[in-house]
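Overview (structure and organization)
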Amino acid sequence: MSARRFILLLMLFSMTSSVAADRFAILIGVGDYDNLPDLRYPHADVSALGRTLTDYGGFPAGQIFTLRGSEATYTNIRSAVLDWLGKEQRVTPTDLVLFYFSGYGAIEAEAENQPVQRFLLPWGAKRGNPSTYLNNEELASWFRQVPAQWLVLLDAGFQRGGKSITSERSKGLVIPTLQMEDALFATSTATITASQDDEAAHEDDRLQHGVLTHHLIQGIQKSKLTDLNKDERLSVEEIYRYLEQRVTGQHPQHKGSSDVIVISELTQPAVPAETLEAEEAAEPYGTLVRALIKGAITEGFTPESTVAVYNFPYQNSRTATGFSRYLQQEIERKLRAELAFALLDQETWQSRYRNKSLEFSGAKAPSSPAGVGEIIGSDGVISGSYWVDNEYVEIRAKLTSSRADRSLAEKTVRVPKSRIPIHLRGQLVPPQPTSIAAPMSQTSPVTTNTDTDLRIDVWTGRGDGGIYYGGEKMVVFLRSNRDCYVHLVYADAAEQNIRIFPNAYSEANRRIDANTVYRIPTTTDAFEFVIRPPFGREELYAFASTAPLPHVPGRDAGKGLILLDGSRQEIAGRYRSVRAEAPQQANVVEASCIVTTMSRK
């Protein structure tokens, strides 16, 4: 825990009634400044508060305006108040407006013993240059131009230490305590401060929020505990009492009216309040995403960095399920809410991956997270797996740097099965193929002459373990690091083994060039990969050799394809038996790619 935050101010003025007619919010978070230490959690504070206001507080999502990082300039803040709120939304004096700022605050004075001026520091503020700050008096003047019931939350410091700064000019000031005397404070009907005037407030790495902000959010979510008079509304007094009991290491303060209604229509949590005590239990996917974001930011990622969410198969089977897709969507949804990175959604990155694979010349495995990132041009890729026991689903995730090819952050969370959508609980464990105990990729290949370092890669347009739905078309890619002969077999969910390369439209024993990506089907092939039932776990497996591969018997399957005879074990045994003419043996290597096919229903 580090000293950081000083003030959380709840302020209402022009109050004519205790309940507002409509609800709006302006949420601002600035954590990165040019010449000040970065603050860790303003973005997380803003995102979590926004979700809480929408999900629990009755604020329409379309009436929440958010500015983060470089968006939170002086000009944009002014425009949010006077233009978006005052002109576009046309608020009335009975409407509630919540204004939230999470970032640095400052105190300045022209000379010793002169009145202190208080400021908020927007993005682009320069330390020691108050002309780049936002004066509280000026902010109050903007509010007066938009008559409404104002609820202001300032997560910023106005004393030395914590989340605040002072200029060289103010070092000699004698300020035993800070009094609420400026124009912004003078307009308030009710205030709750995060701490006493002469103490700092804090943020907590475990909570990944400011301490008071975390408990404020929890207080709104745990409305059964906070709503003391059980009237299905939350007043300033009720929120303050909740904070007073739970905030440690600092002492929240309350001044002004106690009966102002902050939340007028409570929405109960989907799970009992007692199960929300732990952050992870309350929001496992958000906890996972925030942990990955924190690690990435530590490694230099910025809001302009691009990230994609790759595949999440079941355990180490490389097989996806309906829950895998749901997990991808949940992680993407949380990333969008945090706005920490530029997100490449599933459709975007898969389109890039399919179109750019033919140009791939890197040394990374093309279906590894780093290889996928290099092909699609993203800075990082989130990937992982999930494991199932009697009561929980354990999700293991990591964020990999595409350039450095190393993990930047890893996080494991456990989700109770009771919190997984009912229709997905039966899809957690995929059906296993009956024709072979283990996929080809788990069977030890016969490899000789390893000094040649022959390698073959096979992947689809959605990577290893990617999901394809009925009616979609699949594209397969092959690449070797040396000139070699390659046979590619497709084992479908009907347990057929179909040789798709080479086929009747290519040479009987096709030799491919080193470091060249081949797309299958080619423009001259007579077939397309169109996903049809039966659906399930399917596999592409390739054998490569420096010598021609042996004949494996089969029959014409139509459109140039060959339906091979025998099981996958028998087919593999024949391919592995290849030998070149004496005295030199041939090098035989193999690779596989798993495909999960399913109905859209």
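Here, the structure is the one placed above.
For the structure given in this document, a descriptive report is provided here. Please read these numbers as outputs of a predicted model, since none were measured by experiment.

**Some words on the overall build of the protein chain**
The secondary structure content of the protein chain amounts to 14 helices and 33 strands. Classification of the 601 residues of the protein chain by burial places 56% in the buried group. Surface accessibility of the protein chain: about 24800 Å² in total, with carbon and sulfur atoms responsible for 48%.

**As for unusual backbone geometry**
That bond from Ile 520 to Pro 521 is cis: its omega, 0 degrees, falls within 30 degrees of zero. Its location among the elements puts Pro 521 in the loop between strand 28 (518-520) and strand 29 (529-530). Cis geometry marks the peptide bond from Pro 533 to Pro 534, where omega comes out at 5 degrees. Tracing the sequence through the fold places Pro 534 in the loop between strand 29 and strand 30 (536-545). Although it is not a glycine, Arg 90 sits at a positive phi angle of roughly 55 degrees. Tracing the backbone through its elements, the reader meets Arg 90 in the loop between helix 2 (74-89) and strand 4 (96-102). A positive phi angle, near 60 degrees, is found at Arg 318, a position not held by glycine. Along the chain, Arg 318 turns up in the loop between strand 16 (306-309) and helix 10 (322-338).

**Notes on the nonpolar core**
Among the nonpolar cores identified, the biggest contains 37 residues, and Ile 28, Val 81, Leu 85, Phe 99, Phe 101, Leu 121 and Trp 150 are the most heavily contacted of them. At six residues, helix 2 tops the list of elements feeding residues into this core. For Ile 28, the residues in contact, after removing those within four places along its chain, are Val 46, Leu 67, Ala 72, Ile 77, Phe 99, Tyr 100, Phe 101 and Ser 102. One finds Tyr 326, Phe 341, Ile 382 and Leu 424 within the second-largest nonpolar core, a separate group that totals 31 residues.

**Quick word on helix 14 (residues 568-576)**
Of all the positions in helix 14, only Arg 568, Ile 571, Ala 572, Tyr 575 and Arg 576 are classed as buried. Here the buried residues of helix 14 occupy an arc of 130 degrees about the axis, which is enough to place them on one side. For helix 14, the secondary structure elements touched by its buried residues are strand 25 (484-491), strand 26 (497-501), strand 30, strand 32 (561-564) and strand 33 (588-598).

**Quick look at the packing of helix 1 (residues 42-56) against helix 5 (residues 211-221)**
Where helix 1 meets helix 5, the closest approach of the two axes is 10 Å, and the angle between their N-to-C directions is 15 degrees. Between helix 1 and helix 5, the crossing angle belongs to the class labelled roughly parallel. Crossing handedness for the pair helix 1 and helix 5: left-handed. The residues of helix 5 that touch helix 1, namely those facing Asp 45, Ala 48, Leu 49, Thr 52 and Tyr 56, are Thr 213, Ile 217, Ile 220 and Gln 221. Of the residues in the contact of helix 1 with helix 5, the class split is five nonpolar, three polar and one charged.

**So, the pattern of salt bridges**
Tallied over the full model, the rule gives 27 salt bridges. A salt bridge links Glu 299 to Arg 406, with the nearest nitrogen and oxygen atoms 2.8 Å apart. A residue pair is termed long-range when its members are at least 10 positions apart, and Glu 299 in the loop between helix 9 (284-298) and strand 16 and Arg 406 in strand 20 (residues 406-416) qualify at 107 residues. Between Arg 336 and Glu 332 there is a salt bridge, with the nearest N and O atoms lying 3.7 Å from each other. One end of the pair is Arg 336 and the other is Glu 332, both in helix 10 and four residues apart, which spans about a single turn. Looking at Glu 332, the relative accessible area reads 5%, which means it is buried.

**Observations concerning the sheet that holds strand 24 (residues 476-480)**
Ordered in space as 21-24-28, the three strands form an open sheet in which the pairing is antiparallel. Unpaired on one side and paired on the other, strand 21 (456-460) and strand 28 mark the two borders of the sheet. For this sheet, the mean inter-axis angle between neighbouring strands, taken without regard to orientation, is 20 degrees. Two elements, strand 21 and strand 24, share five bridges in a ladder whose sense is antiparallel. Within strand 24, the residue paired with Asp 457 across the bridge is Arg 479.

**Some details on the environment of Glu 332**
Separated by 23 residues in the primary sequence, Glu 332 and Val 309 place their C-alpha atoms 6.9 Å from one another. When neighbours within four sequence positions are excluded, Glu 332 is seen to be in contact with Val 309, Leu 343, Leu 344, Asp 345 and Gln 346. A distance of 3.2 Å separates a polar atom in the side chain of Glu 332 from the backbone nitrogen of Gln 346.

**So, the sheet that holds strand 16**
The strand order across the open sheet formed by five strands is 17-16-18-19-20, and the pairing between neighbours is mixed. Pairing within the sheet leaves two strands with one partner each, and these edge strands are strand 17 (342-344) and strand 20. For this sheet the average axis-to-axis angle between neighbouring strands, irrespective of direction, equals 25 degrees. Of the strand pairs in this sheet, strand 18 (residues 380-388) and strand 19 (residues 392-401) are connected by nine bridges, and their pairing is antiparallel. Bridge pairing in strand 19 places Tyr 386 opposite Ile 395. Each of strand 18, strand 19 and strand 20 touches helix 9; the most contacted strand, strand 20, lies at about 165 degrees to it.

**A short note on the packing of aromatic side chains**
For the structure shown, the criterion picks out 19 aromatic pairs. Ring geometry for Phe 24 and Trp 84: centres 6.5 Å apart, planes at 80 degrees, overall edge-to-face. Of this pair, Phe 24 sits in strand 2 (residues 23-29) while Trp 84 sits in helix 2, and the two are 60 residues apart along the sequence. Overall, the relative accessible area of 9% leaves Trp 84 in the buried class. Aromatic side chains Phe 65 and Trp 84 sit 5.0 Å apart centroid to centroid with 45 degrees between the ring planes, which places their arrangement in the tilted category. One end of the pair, Phe 65, is in strand 3 (residues 64-68); the other, Trp 84, is in helix 2, and 19 residues separate them in sequence. In this structure an aromatic cluster arises from ring pairing among Tyr 285, Tyr 314, Phe 323, Tyr 326 and Tyr 386. Seen from the ring of Tyr 392, Arg 414 lies directly overhead, with NZ or CZ sitting 4.3 Å from the centre. Geometry around Tyr 468 places Arg 462 over its ring, the cationic atom sitting 4.4 Å from the centre.

Rules behind the numbers
- Residues numbered from 1 in each chain as written.
- Predicted model: local features only at pLDDT ≥ 70, side-chain atom pairs only at ≥ 80, totals over all residues.
- Heavy atoms only, no water.
- Helix = DSSP H or I, 4+ residues; strand = E, 2+ residues; numbered from the N terminus.
- Buried < 20%, exposed > 50% of the residue type's maximum accessible area, 1.4 Å probe, protein only.
- Areas by Shrake-Rupley, 256 points an atom, 1.4 Å probe, with all protein chains shown as cover.
- Core = buried A, V, L, I, M, F, W, Y, C linked by side-chain atoms within 4.5 Å.
- Contact = heavy atoms within 4.5 Å.
- Arc of directions from axis to C-beta.
- Axes fitted to C-alpha atoms, helices over the stretch in contact; angles between N-to-C directions.
- Parallel < 35°, antiparallel > 145°, perpendicular 65-115°, else oblique.
- Left-handed = near helix turned anticlockwise from the far one by under 90°.
- Nonpolar A, V, L, I, M, F, W, Y, C, P; charged D, E, K, R; others polar.
- Salt bridge = Lys/Arg side-chain N within 4 Å of Asp/Glu carboxyl O.
- Pairing = 2+ DSSP bridges.
- Polar contact = N/O pair within 3.5 Å; in protein donor to acceptor, adjacent residues only side chain to side chain.
- Phe/Tyr/Trp six-rings, centres within 6.5 Å; stacked < 30°, edge-to-face > 60°.
- Lys NZ or Arg CZ within 6 Å of the ring centre and 35° of its normal.

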